[in-house]
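Each chain is listed here by its residues.
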Amino acid sequence: METRKADVQRPIIRTELPGPRAKQVIEADARYVNPSYPRPEYKLVAEKGYGVWIEDVDGNVFLDCNAGVAVCSTGHCHPEIVKAITDQASKLIHMCGTDFYYDLMPKLGKKLEEICPIEGETRTHFANSGAEAIETALKLAMYYTRRQKFISFFGSFHGRTLGALSLTSSKKAQRLGFMRQALDVIHVPYPYCFRCPFNKGKGENGKCCLGTIDWIENRIFNTTTPPEEVAAIVLEVVQGEGGYIPAPVEFVREIRRICDEYGILLIVDEVQSGMGRTGKMFALEHYGVKADIVCIAKGIGSGLPIGACVARSDIMSWHKGAHASTFGGNPVCIAAALKTIELLENGLVENACKIGDYLMQRLRQLDCDYIGDVRGLGLMIGVEFVESKATMKPAPKLRDRVEKACFEKGLIVLGCGMNTIRWSPPLILTKENVDVAVEIFEQAVRESA
Ligand SMILES: Cc1ncc(COP(=O)(O)O)c(C=O)c1O
């Protein structure tokens, strides 16, 4: 049965899930596709997407509050994005910008200089993914500082390639089997005030206890990790895969101070938090701090694979041949990115802020003993499940049940961290969409408890 897109107001579930055609795809996938993908317990087999809706191969229609893991920032198949892609594809699909030239590369580079929270002039390396943007940042920091050590945070996720994996520490499964770290990275606690790693909770005036700052300056700098050997601190200001946890403002400012004091570069990973998701173009803008290097991917291409490592010009001044990529900065992907940024600037960042506030308010109003914390910025919101408010003990199995129950009712959300559900919808989400989503979520929580 053909669904009339304009009429869709709520999810439409027509078959058991997964449906008959979905089951065939899942079977073929199990035979031919890499089994290490970290897919959730529920199984969505997508066929088409429009706006905030995703339709599966059996004609079931879901309200997508995940956006392909925070990627489809402008919604599925936004007509202006589709047009930008098809126009570009009919002109030039590939010419390898690392050996030849086309105007799209400097055009996007110029735009990124304008919008990235970096002081002064910048240059951009174009990559194909978040992990590649991170790899670039790591190599660049080592090259520029002539230092080899990095500081990363527990709970962080920066990708699964070997260099990025050395930073990543959100789940054991990402590390198991790969033995030693490729890079010299020391991990320090992330300022997760709801579960303060120093058991202090929020300190004076509701502020961060800054235990990690003390840990870095007075412990690791004096023992295992002399600051003179540290190339960079790599930070997600809103931890993504680790549980959608915004860092406190005073913490991020102190990290910047440490970097300045010891000649360490600050690499901010905005792969998940960037491109308008938090209600500002970059999450770092909430902190009044500038980075030396910013890594971007996911939401910048509205679904096309593009990553970017944007750095201060004086830092990105390495020799010819030091770093390059055949596909990085593909013309079609850049065309999608330029159109995405235009749409973000023309209302979607603002919408993320406005609708994000509304979603946060609706989620915080849920009267439920199993929700321990609702936190986030803009449309990057985490709901943390607990056994009860009295114990605040993490409830990962309940989280998994809620995630699956949402799917069965036609709402796509995905877990992150140990016991959190993330809300990372397309930034076109409306108030009406929120009302439908929260109603389903509430039912799913009630039935799963
Ligand atoms: C903050 C962050 N950095 C890096 C990555 C890696 O990106 P990719 O999967 O495109 O390599 C991710 C992916 O989830 C991410 O959330």
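Criteria and cut-off values
Every chain's residues receive numbers from 1 upward, in the order its sequence appears when written. Local features are withheld for residues below a pLDDT of 70 in this predicted model, meaning they are given only at 70 or higher, and side-chain atom pairs are given and counted only at 80 or more; totals for whole chains, interfaces and linings count all residues. Helix and strand labels come from DSSP, where a helix needs a run of H or I of at least four residues and a strand needs a run of E of at least two; each type is numbered from the N terminus. Only C-alpha atoms enter the radius of gyration, while the globule expectation follows 2.2 Å times N to the 0.38, with N the number of residues. Using C-beta atoms placed from the backbone, we call a residue buried if 20 or more other C-beta atoms fall within 10 Å of its own, exposed if 12 or fewer do, and partly exposed for counts in between. Note on contacts: residues are paired as contacts if their backbone-placed C-beta atoms lie within 7 Å. Angles run from 0 to 180 degrees between N-to-C directions of axes, and those axes are lines fitted to C-alpha atoms, restricted for helices to the stretch in contact. Orientation labels follow simple angle bins: below 35 degrees gives roughly parallel, above 145 gives roughly antiparallel, 65 to 115 gives roughly perpendicular, and whatever is left gives oblique. Crossings are assigned a handedness: left-handed for a near helix turned anticlockwise from the far helix by less than a right angle, right-handed for a clockwise turn. By definition, two strands form a pair when at least two bridges between them are found by DSSP. Boundaries between domains were set according to an automatic or database domain assignment. Gly falls in the polar group here, along with every residue not listed as nonpolar (Ala, Val, Leu, Ile, Met, Phe, Trp, Tyr, Cys, Pro) or charged (Asp, Glu, Lys, Arg). Proximity of a residue to a molecule or strand is defined by its backbone-placed C-beta atom lying within 6 Å of that partner. Take the buried Ala, Val, Leu, Ile, Met, Phe, Trp, Tyr and Cys residues, join any whose C-beta atoms are within 7 Å, and the set you get is a nonpolar core. Expected helix span is computed as 1.5 Å times (number of residues minus one). The bend reported for a residue corresponds to the angle between axes fitted to the seven residues ending at that residue and the seven starting there.

### A closer look at the overall build of the chain
Looking only at helices and strands, the chain features 11 helices and 17 strands. A compact globule built from 449 residues would reach a C-alpha radius of gyration of about 22 Å, and the chain, at 22 Å, matches this within 12%. Within the chain, the proportion of its 449 residues that are buried is 50%. Once local pairs closer than 6 in sequence are excluded, the contacts in the chain between residues at least 24 apart make up 73%.

### So, the packing of helix α7 (residues 211–219) against helix α8 (residues 249–262)
Running from N to C, α7 and α8 cross one another at 15°; their axes reach a closest spacing of 10 Å. Put simply, α7 runs roughly parallel to α8. The hand of the α7/α8 crossing is right-handed. Side by side, α7 and α8 meet where Thr212, Ile213, Ile216 and Glu217 of the first sit next to Phe251, Glu254 and Ile258 of the second.

### Some thoughts on the sheet that holds strand β16 (residues 414–416)
Hydrogen bonding along the main chain pairs the strands of a sheet, whether they run parallel or antiparallel. Strand order in the open sheet made by the four strands is β13-β14-β17-β16, with antiparallel pairing throughout. The sheet is open, and its two borders are formed by β13 (371–377) and β16, each paired with just one other strand. Direction aside, the axes of adjacent strands within the sheet are offset by 30° on average. As judged from the three bridges shared by β16 and strand β17 (residues 420–423), these two strands associate in the antiparallel manner. Looking at β17, one finds that glycine 415 is bridged to isoleucine 421.

### Focus: the domain arrangement of the chain
Examined at the domain level, the chain breaks down into domain 1 (5–77 + 347–448) and domain 2 (95–329). Each of domain 1 and domain 2 has a C-alpha centre, and these two points are 27 Å apart. Going through the elements one at a time, α2 (67–70), α9 (331–364), β13, β14 (380–385) and β17 are the ones with two or more residues in the side of domain 1 that touches domain 2. The greatest single-element share of the side of domain 1 that touches domain 2, amounting to five residues, is contributed by α9. Of the residues belonging to the side of domain 1 that touches domain 2, the class tally is 13 nonpolar, 10 polar and four charged.

### Examining the sheet that holds strand β1 (residues 46–50)
With mixed pairing, four strands are arranged side by side in an open sheet as β1-β2-β3-β15. Across the chains shown, the open sheet's two edge strands, defined by having one partner strand only, are β1 and β15 (411–412). The pairing of β1 with strand β2 (residues 53–56) spans four bridges and is classified as antiparallel. In the strand pairing of β2, tyrosine 50 is matched with tryptophan 53.

### Details of the site of the ligand
Near the ligand, the surroundings consist of 14 residues, among which Ser129, Gly130, Ala131, Val271 and Gln272 are the closest. In terms of residue count, helix α5 (residues 130–145) provides more of the shell around the ligand than any other element does, three residues in total. A breakdown of the residues in the shell around the ligand according to their chemical character gives five nonpolar, six polar and three charged.

### Concerning the pairing of β14
With respect to burial, β14 is a largely interior element, six of its six residues being buried. Here β13 pairs with β14 via six bridges, running antiparallel. Across the sheet, the residue bridging to leucine 377 is methionine 380, located in β14. With antiparallel pairing between neighbouring strands as the criterion, β13 and β14 make up a hairpin whose turn holds two residues, including glycine 378 at a positive phi of roughly 55°. Of the pairings in the sheet, the one linking β14 to β17 comprises four bridges and is antiparallel in character. Directly across from glycine 382, in β17, lies its bridge partner arginine 422.

### A closer look at the nonpolar core
Among the nonpolar cores identified, the biggest contains 127 residues, and Ile267 and Ile293 are the most heavily contacted of them. In terms of residues, this core owes the most to one element, α9, which gives 16 residues. With near-sequence residues (within four places) excluded, isoleucine 267 lies in contact with Ala137, Ala141, Ala232, Val234, Ala291, Asp292, Ile293 and Cys295.

### Side note on α9
With 34 residues, α9 should cover 50 Å at 1.5 Å per step; its first-to-last C-alpha distance of 43 Å lies more than 12% under that length. When the local axis directions of α9 are compared, the greatest deviation, roughly 65°, occurs at glutamate 345.

### Points about the packing of helix α3 (residues 79–89) against α9
Closest axis-to-axis distance for the α3/α9 pair is 8 Å, and the angle between their directions is 150°. Taken as axis vectors, α3 and α9 run roughly antiparallel relative to one another. Between α3 and α9 lies a crossing whose hand is right-handed. Contacts between α3 and α9 involve Glu80, Ile81, Ala84, Ile85, Gln88 and Ala89 from the first element and Pro331, Val332, Ala335, Ala336, Lys339, Thr340 and Leu343 from the second. Partitioned by chemical class, the residues of the contact of α3 with α9 number nine nonpolar, two polar and two charged.

### A short note on helix α11 (residues 431–448)
Between its first and last C-alpha, α11 extends 25 Å over 18 residues, near the 26 Å set by a 1.5 Å rise per residue. In the core, the buried residues of α11 are packed alongside β3 (61–64), α9, α10 (396–408) and β15.

### Things to note about the environment of aspartate 87
The residue aspartate 87 is located in helix α3 in this model. Take aspartate 87: there are 12 C-beta atoms within 10 Å of it, and that puts it in the exposed class. With 245 residues separating them in the primary sequence, aspartate 87 and valine 332 have C-alpha atoms 8.7 Å apart.

### Notes on the environment of asparagine 199
By the element assignment, asparagine 199 lies in the loop between β6 (184–188) and α7. Residue classification places asparagine 199 among the exposed residues on the basis of 8 C-beta atoms within 10 Å. Note: C-alpha distance between asparagine 199 and cysteine 209 (10 residues apart in sequence) is 9.5 Å.

### Some points on the environment of glutamate 439
Among the secondary structure elements, glutamate 439 is positioned in helix α11. Taking the number of C-beta atoms within 10 Å as the measure of exposure, glutamate 439 has 14 and is therefore partly exposed. Glutamate 439 sits 73 residues away from leucine 366 along the chain, and the two C-alpha atoms are 9.9 Å apart.

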